[in-house]
Amino acid sequence: MKVVIFSTCIVDLFFPNVGAAMTEVLERFGCETFMPVKQICCGQPTYNSGYVKASQKVFRNEIDALLSVDADYIVGPAGSCVNMLREYRILLKDDPEYAEKAKQVADKTYEFSQFLYRVLNVIDAGAELDAKATYHRSCHMTRLLGERTAPFKLLDHVKDLQMEPLPHIENCCGFGGMFSAKEPEISKQMVDEKVDDVLSTGAQVLISADPSCLMNIAGRFSRRNEKIKIMHIAEVLNHNVNPERIKFHEPLGVEQEVRP
């Protein structure tokens, strides 16, 4: 199975360890991975800032890069950015040259944990992490991408990992891309509430599937002189792996489980 790695800007520039962990996990499950160097930004920041026409060139570049390899799937480590790729089919539907290409990208693009759980049918990645942790459920991944189940299913099977429910898990962390820059005071109040909720769990580790959220929350922890270890779910699933513990579940088919 050939998989193109959609690296995303945040991972590429700030969390390369997340990209490496994701790639190692995928290769452990037999995927042949490729990372086209032409890929840059998916265009989400400029598009969400209102530069609709100017973003078209960025969309086309990303499509050309991701389709430069004849792969079966495209997999990314951020639900927010993956959702942007899924939206290409709508944003470029009237483009005579790129409409079909945009649909191809959208149809085979998955967020990392979603791909493991729903495509590769992994239920236990064989990982081990002796820690108490809580999970931040990002807005874009749940409300736009529609994935509420995969991360929890995979984390439930990490050996020795004690997961604590996060109060107000549905709340935004306050990042929201350009929102945090345009509305810093509101954003600060939102991330303070998120930090308080994380602290209330007594967790040693904060896990998420969106690096942007982790960056924002970790930054506020640092400014408040509070301590927390942040880990992307790819890092957790790549930690102290024992291949003998790897397990798969029955294919889900059209079933779409929803976890509150």
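Only a predicted model underlies this, so the values are computations on that prediction, with no experimental measurement involved.

A word on the UniProt feature "domain: Cysteine-rich" (unreviewed entry) in the chain
In step 1: Listed under "domain: Cysteine-rich" (unreviewed entry) in the UniProt record, and renumbered for this structure, are residues 3-86 and 134-217.
In step 2: The span residues 3-86 is 55% helix and 12% strand, and its two end C-alpha atoms sit 16 Å from each other.
In step 3: Spanning residues 134-217, this segment combines 49% helix with 15% strand, and its end C-alpha atoms are found 13 Å apart.

Regarding helix α5 (residues 79-91)
In step 1: Its 13 residues give α5 an end-to-end C-alpha distance of 18 Å, which sits within 8% of 18 Å, the value for a rise of 1.5 Å per residue.
In step 2: All buried positions along α5 are accounted for by Gly 79, Ser 80, Cys 81, Val 82, Asn 83, Met 84, Leu 85 and Tyr 88.
In step 3: On its buried face, α5 sits against α3 (44-48), α4 (52-66), β3 (73-76), α6 (99-107), β4 (109-111) and α8 (139-144).

Structural notes on the sheet that holds strand β2 (residues 32-34)
In step 1: Strand order across the open sheet formed by 4 strands is β2-β1-β3-β4, with parallel pairing between neighbours. In the strand order of this sheet, the two ends are held by β2 and β4, each with one partner. Direction aside, the axes of adjacent strands within the sheet are offset by 35° on average.

Comments concerning the domain arrangement of the chain
In step 1: Under the domain assignment used here, the chain contains domain 1 (2-118) and domain 2 (124-243).
In step 2: Computed from C-alpha atoms alone, the centre-to-centre distance between domain 1 and domain 2 is 22 Å.
In step 3: Contacts between domain 1 and domain 2 engage 29 residues on the former and 26 residues on the latter.
In step 4: Taken together, both faces of the contact between domain 1 and domain 2 bury some 2,300 Å²; the carbon and sulfur share is 65%.
In step 5: Applying the counting criterion to the domain 1 and domain 2 interface returns 1 salt bridge.
In step 6: Salt-bridge contacts for Glu 147 lead to Arg 118; the nearest nitrogen and oxygen are separated by 2.6 Å.
In step 7: One can count 10 residue pairs in polar contact (both at pLDDT 80 or more) joining domain 1 with domain 2.
In step 8: Where the side of domain 1 that touches domain 2 is concerned, the elements lending two or more residues are α1 (9-13), α2 (16-28), α3, α5 and α7 (112-119).
In step 9: Sorting elements by how many residues they give to the side of domain 1 that touches domain 2 places α2 first, with 7 residues.
In step 10: Of the residues that constitute the side of domain 1 that touches domain 2, the class distribution is 16 nonpolar, 8 polar and 5 charged.

Cut-off values and rules
Residues numbered from 1 in each chain as written. Predicted model: local features only at pLDDT ≥ 70, side-chain atom pairs only at ≥ 80, totals over all residues. Heavy atoms only, no water. UniProt positions renumbered as here; feature names shortened; annotations may be inferred. Helix = DSSP H or I, 4+ residues; strand = E, 2+ residues; numbered from the N terminus. Expected span 1.5 Å × (residues − 1). Buried < 20%, exposed > 50% of the residue type's maximum accessible area, 1.4 Å probe, protein only. Contact = heavy atoms within 4.5 Å. Pairing = 2+ DSSP bridges. Axes fitted to C-alpha atoms, helices over the stretch in contact; angles between N-to-C directions. Domains from an automatic or database assignment. Buried area = accessible area lost by both parts, 1.4 Å probe. Salt bridge = Lys/Arg side-chain N within 4 Å of Asp/Glu carboxyl O. Polar contact = N/O pair within 3.5 Å; in protein donor to acceptor, adjacent residues only side chain to side chain. Nonpolar A, V, L, I, M, F, W, Y, C, P; charged D, E, K, R; others polar.

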